[in-house]
Amino acid sequence: MSNTNGGNGIQRSQDKRELLCLLKLLKKYQLKSTEELLCQEANVSAADLSAISETDVQQVLGAALGLGEGEKEKEPPRPAPVETKQTAVTEANAAEALAKFIGDDSFDAQQHEQAYEDLRSFVEDSLDIYKHELSMVLYPILVQIYFKMLAIGQKEKARAFIEKYKSDLDGYYIEGLFNLLLLTKPEELLDNDLVVAMEMDKFVIRMSRDSHSLFERHIQDRRQEGMARNKLQCVATAGSHIGEAKRQDNKMRVYYGLLKEVDFQTLTTPAPAPEEEDDDPDAPDRPKKKKPKKDPLLSKKSKSDPNAPSIDRIPLPELKDSDKLLKLKALREASKRMALGRDQLPSAVFYTVLNSQQGVTCAEISEDSTMVACGFADSSIRIWSLTPAKLRTLKEADALRELDKESADINVRMLDDRSGETTRNFLGHTGPVYRCAFAPEMNLLLSCSEDSTIRLWSLLTWSCVVTYRGHVYPVWDVRFAPHGYYFVSCSYDKTARLWSTDSNQALRVFVGHLSDVDCVQFHPNSNYVATGSSDRTVRLWDNLTGQSVRLMTGHKGSVSALAFSTCGRYLASGSTDNNIIIWDLSNGSLVTTLLRHTSTVTTITFSRDGTLLAAAGLDNNLTLWDFHKVTDDYISNHITVSHHQDENDEDVYLLRTFPSKNSPFVTLHFTRRNLLMCVGLFKS
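No experiment lies behind these values; they were computed from the predicted model shown. (Residues numbered from 1 in each chain as written. Predicted model: local features only at pLDDT ≥ 70, side-chain atom pairs only at ≥ 80, totals over all residues. Heavy atoms only, no water.)

1. Notes on the overall build of the chain
Regarding its fold elements, the chain presents 20 helices and 29 strands. Residues classed as buried in the chain amount to 45% of the 684 residues present. When the accessible surface of the chain is summed, it comes to about 36300 Å², and 50% of that surface belongs to carbon and sulfur atoms. (Helix = DSSP H or I, 4+ residues; strand = E, 2+ residues; numbered from the N terminus. Buried < 20%, exposed > 50% of the residue type's maximum accessible area, 1.4 Å probe, protein only. Areas by Shrake-Rupley, 256 points an atom, 1.4 Å probe, with all protein chains shown as cover.)

2. Describing the pattern of salt bridges
Tallied over the full model, the rule gives 16 salt bridges. In this structure, Arg 672 engages Glu 333 in a salt bridge whose closest nitrogen and oxygen atoms are separated by 3.4 Å. Here the residue Arg 672 occupies a position in the loop between strand 28 (665-670) and strand 29 (676-681), and Glu 333 occupies one in helix 17 (residues 321-334), the gap between them amounting to 339 residues. For Arg 672, a relative accessible area of 7% gives the class buried. (Salt bridge = Lys/Arg side-chain N within 4 Å of Asp/Glu carboxyl O.)

3. Some points on the sheet that holds strand 15 (residues 508-511)
Picture the strands of a sheet paired through backbone hydrogen bonds; they go either parallel or antiparallel. What the four strands build is an open sheet, ordered 12-13-14-15; its pairing is antiparallel. Unpaired on one side and paired on the other, strand 12 (475-480) and strand 15 mark the two borders of the sheet. Along the sheet, successive strands turn relative to each other by an average axial angle of 20°, direction set aside. As judged from the four bridges shared by strand 14 (residues 495-500) and strand 15, these two strands associate in the antiparallel manner. Considered in strand 15, the bridge of Thr 495 is made with Val 511. (Pairing = 2+ DSSP bridges. Axes fitted to C-alpha atoms, helices over the stretch in contact; angles between N-to-C directions.)

4. Some thoughts on the packing of helix 7 (residues 109-125) against helix 8 (residues 128-135)
Running from N to C, helix 7 and helix 8 cross one another at 145°; their axes reach a closest spacing of 7 Å. Across the interface between the two elements, Phe 122, Val 123 and Glu 124 from helix 7 touch Lys 131, Leu 134 and Ser 135 from helix 8. Broken down by class, the residue content of the contact of helix 7 with helix 8 amounts to three nonpolar, one polar and two charged. (Contact = heavy atoms within 4.5 Å. Nonpolar A, V, L, I, M, F, W, Y, C, P; charged D, E, K, R; others polar.)

5. Description of the side chain of Thr 671
Within the element layout of this structure, Thr 671 appears in the loop between strand 28 and strand 29. The class of Thr 671 is buried, set by a relative accessible area of 10%. Discounting chain neighbours no more than four positions away, the residues touching Thr 671 are Ser 369, Arg 608 and Met 677.

6. Looking at the environment of Lys 494
Looking at the secondary structure, you find Lys 494 in the loop between strand 13 (486-491) and strand 14. Owing to a relative accessible area of 29%, Lys 494 belongs among the partly exposed residues under this scheme. A C-alpha to C-alpha distance of 9.1 Å links Lys 494 and Ser 534, two positions 40 residues apart in sequence. Setting aside residues up to four positions removed in sequence, Lys 494 forms contacts with Asp 193, Phe 510, His 513, Leu 514, Ser 515, Asp 516 and Val 517.

7. Remarks on the pairing of strand 22 (residues 579-584)
Counting buried positions over the six residues of strand 22 gives six, a clear majority of the element. Here strand 22 shows no split at all, with Asn 579, Ile 581 and Trp 583 on one side and Ile 580, Ile 582 and Asp 584 on the other all buried. The pairing of strand 21 (residues 570-575) with strand 22 spans five bridges and is antiparallel. What sits directly across from Leu 571, in strand 22, is Trp 583. Linkage of strand 21 to strand 22, two consecutive antiparallel strands, is achieved through a turn of three residues, within which Asn 578 is found at a positive phi near 75°. Examined bridge by bridge, strand 22 and strand 23 (residues 589-595) share six bridges and lie antiparallel to one another.

8. A word on the UniProt feature "repeat: WD" (unreviewed entry) in the chain
The positions UniProt marks with the feature "repeat: WD" (unreviewed entry) are residues 353-394, 426-467, 468-509, 510-551, 552-593 and 594-626. When the span residues 594-626 is considered, its composition is 0% helix and 61% strand, and the gap between its end C-alpha atoms is 11 Å. (UniProt positions renumbered as here; feature names shortened; annotations may be inferred.)

9. Considering the nonpolar core
Tyr 116, Leu 142, Tyr 146, Leu 177 and Leu 180 are the most contacted members of the largest nonpolar core, which totals 39 residues. Residue assignment for this core shows that the elements contributing at least two residues are helix 7, helix 8, helix 9 (138-151), helix 10 (155-165), helix 11 (174-180) and helix 12 (193-201). At eleven residues, the largest contribution of residues to this core is made by helix 9. The residues touching Leu 180, leaving out its near neighbours within four places in the chain, are Val 143, Tyr 146, Phe 147 and Leu 194. (Core = buried A, V, L, I, M, F, W, Y, C linked by side-chain atoms within 4.5 Å.)

10. Things to note about the confidence of the model for the chain
In this model, the chain carries a mean pLDDT of 80, and residues with pLDDT of at least 70 account for 79%. The secondary-structure element of the chain with the lowest mean pLDDT is helix 5 (residues 69-72), recorded at 40, while strand 12 shows the highest, at 97. (pLDDT = per-residue confidence, 0-100.)

11. Section: a nonpolar patch on the surface
Taken together, the side chains of Val 472, Tyr 473 and Tyr 492 define a hydrophobic patch exposed on the protein surface, amounting to about 320 Å² of accessible area. Within the fold, Val 472 resides in the loop between strand 11 (463-469) and strand 12. On the basis of relative accessible area, Val 472 is assigned to the exposed category, the value being 60%. (Patch = residues over 30% accessible without salt bridge, like charges linked within 9 Å, V, L, I, M, F, W, Y side chains within 5 Å.)

12. A look at the side chain of Glu 133
In this structure, Glu 133 sits in helix 8. A distance of 2.7 Å separates the side chain of Glu 133 from the side chain of Ser 211, its partner in a polar contact. (Polar contact = N/O pair within 3.5 Å; in protein donor to acceptor, adjacent residues only side chain to side chain.)

13. Concerning the sheet that holds strand 2 (residues 360-365)
One open sheet accounts for four strands, arranged 2-3-4-7; its pairing is antiparallel. Bordering the open sheet on either side are strand 2 and strand 7 (423-427), each of which pairs with just one other strand. The mean inter-strand angle of the sheet, taken between neighbouring strand axes irrespective of direction, is 20°. Here strand 2 runs beside strand 3 (residues 371-376); their pairing, made up of five bridges, is antiparallel. If you follow Ala 363 over to strand 3, its bridge partner there is Cys 374.

14. A word on unusual backbone geometry
Look at Trp 462: it is not a glycine, yet its phi comes out positive at around 55°. Within the secondary structure layout, Trp 462 lies in the loop between strand 10 (453-458) and strand 11. For Trp 462, a relative accessible area of 12% translates into the label buried. The residue Arg 536 is not glycine, and still its phi comes out positive at about 75°. As for its placement among the helices and strands, Arg 536 is situated in the loop between strand 17 (528-533) and strand 18 (537-542).

15. Concerning the packing of aromatic side chains
Under the counting rule described, the total for this entry stands at 19 aromatic pairs. Between Phe 480 and Phe 487, the ring centres sit 6.1 Å apart and the planes meet at 65°, which makes this aromatic pair edge-to-face. Its relative accessible area of 10% is what places Phe 480 among the buried residues. Since its relative accessible area comes to 0%, Phe 487 is described here as buried. (Phe/Tyr/Trp six-rings, centres within 6.5 Å; stacked < 30°, edge-to-face > 60°.)

Structure below.
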């Protein structure tokens, strides 16, 4: 009995030592809240922690990483002379953990290189109908062999292996291989997201039954497709760092329809006047009052969309009377909209930013086309008025108290006419400003910067209202929801975050990309968010659950621009591979790829009636595409995933190209009447 109790006491002592080492580690990394909570639950004092040295922590970590029994029983090394030995032990532990992570302890580099050579010959000797599908397995296998060579310390052999066979791969994989060659130590594999993705999530390749039967290995436990795909079909969805999307990635239903609009008729119909008696003997011939006619524009009721989410699926802000009046004004202006098409192209106006020594980093035009905001590399933001109306500020508090708050033009009366200016500046960021975004009500402006913060500015007081902190690296993009209140941001930290204007904490954190999230966009119904990343994928996220509901692959470079169609079903994405891809959100499939630009596509937008797609980029060209024909051909099955336009076949969907000489485009915007507005900067 005494021996048993003694054994239990030793075990308890060992457990307490490990707990103290864990607390010491938490303290080292300044995780104060977790440390305090754990100390309180385990009844540990500060004196207990002081008895634990850094050597004790390293020993416990070494045991956790999987040291052998003989190494566990060794006496702790003396501090001064054995520091290099301790480092060597730590590296050995990391290598052992890495071997378990990568998997094969008896890896033979020569044998695997010969096997890859045999596979390469097998693919090359296959029939043309199978060759393109089979060749898609070369890249993931090449990368896996490189990982294993690096894991066993054969750095030079691994580099030579990549250099020898990289010419077999398509060009869009070369950038990924270059990044892998930057890994020099085995332990660096543990911290690399691409390595983790290749080991845990695998590399997805869609393969036909016939090709799969020729290739004696199962890719994944799922159903294969029938006929083998040709080269265009294989290339269409290839290129991302994780291969192609799995079937289950795009299985969930997406409510891509638009929400039902507010009934403006109740807002504009005046209250019925009291009835007057008609039997006045002094005025027998007085004409009878006519009943007010209903506005035919407002009497049209919006049809309920079966693909639309319920109005209460996510909490949306209630419309104030002033918001309804703004929407009513927009609706009346939209009634004068010019119908666009192949025979009726829009007029385009180009605003060029001259003498911008600070460097224009972004530009945004407000929804009502009355203001333009530009962000600069010197951390400033500048706003211009695009109409004769000047940018005014609020009156003094005493003057505001005297106003009739029930008057219809209270929003105009609040502003001081004497304070009007044609331009205003915002200062507050400490790094280049990468994006500006106007609120739908045009009274707020969002900005994001390299300083990892997002700022909310008031367009009434012309000052910063809130600073949102959550990202730990530069924030590349920020967008307001079409219904206001919510906004979304994306960052170098590989995440996108959903926020509300009344909270300084993110409501959702969207995690799944393997590299920078470069651009973000809200769906027209505010229920979904699209993100584009340097991992060459486009994802659609559900704001209610925070889950990824669509994963779309096909770009061969970083995704630089996103835009939803006015109907909400389609998504357009532009990339550094110079291409524009149209996606169908109902099933996540690729509709078509538009090829015409010769440099990065930086901005995309749809016309207000949804018939045209405008895109522009660093090649100083603006292109207009017949989106109505694209969707008609897609729905009638005239185009498929394999449909890629030939570079000489520009008359299929391309309507017009407008060159801007020497001014790269920064942003595009369609007004409510379908006038196209462009902003760019002149480069001498």
